[in-house]
Structure formats: structure tokens, C-alpha cells
Amino acid sequence: MITRLLGKRGAGRKVNAEGKLRHIAFIMDGNGRWAKKRGMPRTYGHAAGAAVFKRIIEYCGKIGIGAVTVYAFSTENWKRPKEEVDAIMKIFRDYLDEAERSFSQKDIQLHFLGSKSVFPEETAKRMTALEKASAGRRLILNIAVNYGGRDEIVHAVNELIREGRTEICEEDITSHLYTKDSPPPDLIVRTGAEKRISNFLLWEAAYAELYFTDVLWPDFDERQVDLCVADFYARKRRFGGI
Ligand code: FPP
């Protein structure tokens, strides 16, 4: 309600003026329920969620956040009905089209978290090409698609084995994760009222602050980001110290 009175656009750069929030991650939950409340198919909720995703990325860039990670599709989400999986994959391919058309003006560095081997070869090639073409740009955008936190750790360990390692340390795992180009997440936000991590950034989340909101993802907006950021600034981060 307060959010409605204050408007949706958010306060802008001053909310993260100290630049302490370097990496924010979102579990974009609630698309299906949002659509159901409107008597619409779940896929309608995903389309609305994708539009919100684009706005939120833009706003995170505006308030000086250096890295954003979104959980778009998990290794478990393949179990959903084919029609829903197909609809999410179509949204994803449309986003690749858009990125190829317009990302050169956007200063966004794209990374896809998760194994690309499940995608058609053509799609996987486009993902890799976008990662290469956008390297070095300012805002890191990690899109977790076919992603699972456990799968990511296994993948890192297998890479180390392939490199011939017989003993490893924490830093070895960190530097072989899909997120190796990002700082660890400072804040993980989950919309949609559930309070769990659902196999997201399991290794990286060790010292992340967690923020849960009942707001369904398609209702999330810039003002909601401001609330998350303000909450983050009110936390005392000790990283195991005192
Ligand atoms: C979880 O909500 C949402 C998903 C599994 C899909 C999220 C995908 C998008 C927002 C599209 C993103 C697109 C790009 C290009 C990154 P849910 O469907 O489980 O919601 P429910 O809990 O209400 O059923």
C-alpha cells in the first residue's frame, strides 16, 4: 500500500550511494500465481515476469549495482508441463534476439549460468557468442538457465579433475563456478512468499543477506528494489567475525 502511494519508479541512485551493494540476485517467484489470480494461463505470468525482469535490470544498473543474477529456469524446472517449458524457452530465445539487436548500446555483460549442453546447438552457440561479444561491459547480468547450485559445484569439481587436480581448496571451487566473473552475491531476494533457496547459488550464498517478500514477481518494481536495498543497508554484516 505504501509502495502504491509513493509510486513505482524508485528513488534512483541515492539508495545505493555508498556502493556497498555490488551484487544482487533474484529468485523471480510467483508468475504462475499472479496469472491464476487473473484467470489467465501460467504462461501469461511468465510473459509479465519477463517484462518486469528487464525493468529491474535497468534499474539495478541505474543505482550503481555492478552485478545482477536472476534465476530464470532451474535444472528441476524441466519437470513442468511441456507447454509451460516451451513458453519459457520462447521468452528466453526472444531475449537472445533482443540482446543481439540492442545490447551493444546497453553496457551489459551477459553470462549464462548452467550447462548449455541441453539447448539446441544453435541456441548454445548464440549464448556463447553473446557472452564473448559483451565481455568487459559495465553491468554483469547472470542469467541462470538450466541452473542448479549442486550441479554448478559438481561441474566445478569435474573441471578441476580434468585439470589433473588431486587436492583442492575453496578458492579453486570459487574460481571454477559459473559465477566466477562476479563478486559473491551481497543480497539474495526471493519474491512470491516462499522462504527457501531452491538450489540457487548454494556455494556463493555463504555470506549473502537474504530478503523474502510476499510480492509476486510480476508486481515487483523499482520501489520494491529500493525497499530491498534499504533493508540490506540496515543489516550488520560480520562475515563470521564479531
Ligand atoms: C517461478 O515462478 C518462475 C519461473 C520458473 C520462470 C521465471 C522466468 C521468467 C520471469 C522469465 C525470465 C526471462 C528471461 C529472458 C530471463 P512460478 O511459475 O514457479 O510461480 P508460482 O510459484 O506462482 O507458480
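Residues numbered from 1 in each chain as written. Predicted model: local features only at pLDDT ≥ 70, side-chain atom pairs only at ≥ 80, totals over all residues. Heavy atoms only, no water.

## Concerning the site of the ligand
Working step 1: Close to the ligand lie 17 residues, the nearest being Asp 29, Arg 33, Arg 42, His 46 and Arg 80.
Working step 2: For the ligand, an oxygen atom lies 3.2 Å from a polar atom in the backbone of Gly 30.
Working step 3: The contact in question runs from an oxygen atom of the ligand to an N or O atom on the side chain of Arg 42, over 2.8 Å.
Working step 4: Elements that contribute at least two residues to the shell around the ligand include exactly α2 (31-37), α3 (42-62) and α4 (82-102). (Near = heavy atom within 4 Å. Polar contact = N/O pair within 3.5 Å; in protein donor to acceptor, adjacent residues only side chain to side chain. Helix = DSSP H or I, 4+ residues; strand = E, 2+ residues; numbered from the N terminus.)

## Focus: the nonpolar core
Working step 1: Within the largest apolar cluster, 44 residues are counted, with the highest numbers of intra-cluster contacts made by Phe 26, Val 68, Ile 143 and Phe 220.
Working step 2: Of the residues forming this core, the biggest block, 7 residues, is contributed by α4.
Working step 3: With residues up to four places along the chain from it excluded, the contact list for Val 68 reads His 23, Ile 24, Phe 26, Ile 57, Cys 60, Leu 139, Ile 140, Leu 141 and Asn 142. (Core = buried A, V, L, I, M, F, W, Y, C linked by side-chain atoms within 4.5 Å. Buried < 20%, exposed > 50% of the residue type's maximum accessible area, 1.4 Å probe, protein only. Contact = heavy atoms within 4.5 Å.)

## With respect to the packing of aromatic side chains
Working step 1: In the structure shown here, the tally under the stated rule is 15 aromatic pairs.
Working step 2: Here the aromatic rings of Trp 34 and Tyr 44 are separated by 5.7 Å at their centres, their planes lie at 20°, and the arrangement is stacked. Separated by 10 residues along the polypeptide, Trp 34 in helix α2 and Tyr 44 in helix α3 bring together distant segments of the chain.
Working step 3: Clustering of aromatic rings is evident, with ring pairs tying together Phe 73, Trp 78, Phe 92, Phe 112 and Phe 119. (Phe/Tyr/Trp six-rings, centres within 6.5 Å; stacked < 30°, edge-to-face > 60°.)

## With respect to the confidence of the model for the chain
Working step 1: On average, residues of the chain score 95 in pLDDT, and 97% of them reach the 70 mark or higher.
Working step 2: Low pLDDT (under 50) marks residues 1-5, which in the prediction has 4 contacts with non-local residues, meaning those over four places away or in another chain. (pLDDT = per-residue confidence, 0-100.)

## Things to note about the environment of Ile 173
Working step 1: Structurally, Ile 173 is set in helix α7 (residues 170-174).
Working step 2: Spatially, the C-alpha atoms of Ile 173 and Ile 161 are 11 Å apart, while their sequence positions differ by 12 residues.
Working step 3: Leaving out residues up to four positions away in the same chain, Ile 173 has contacts with Ala 156, Val 157, Leu 160, Ile 168 and Trp 203.

## Brief notes about the side chain of Asn 31
Working step 1: As for its placement among the helices and strands, Asn 31 is situated in helix α2.
Working step 2: Within the structure, Asn 31 has its side chain in polar contact with the side chain of His 46 (distance 3.0 Å).
Working step 3: When residues no more than four places from it in sequence are discounted, the contact partners of Asn 31 are Gly 45, His 46, Gly 49, Trp 217 and Pro 218.

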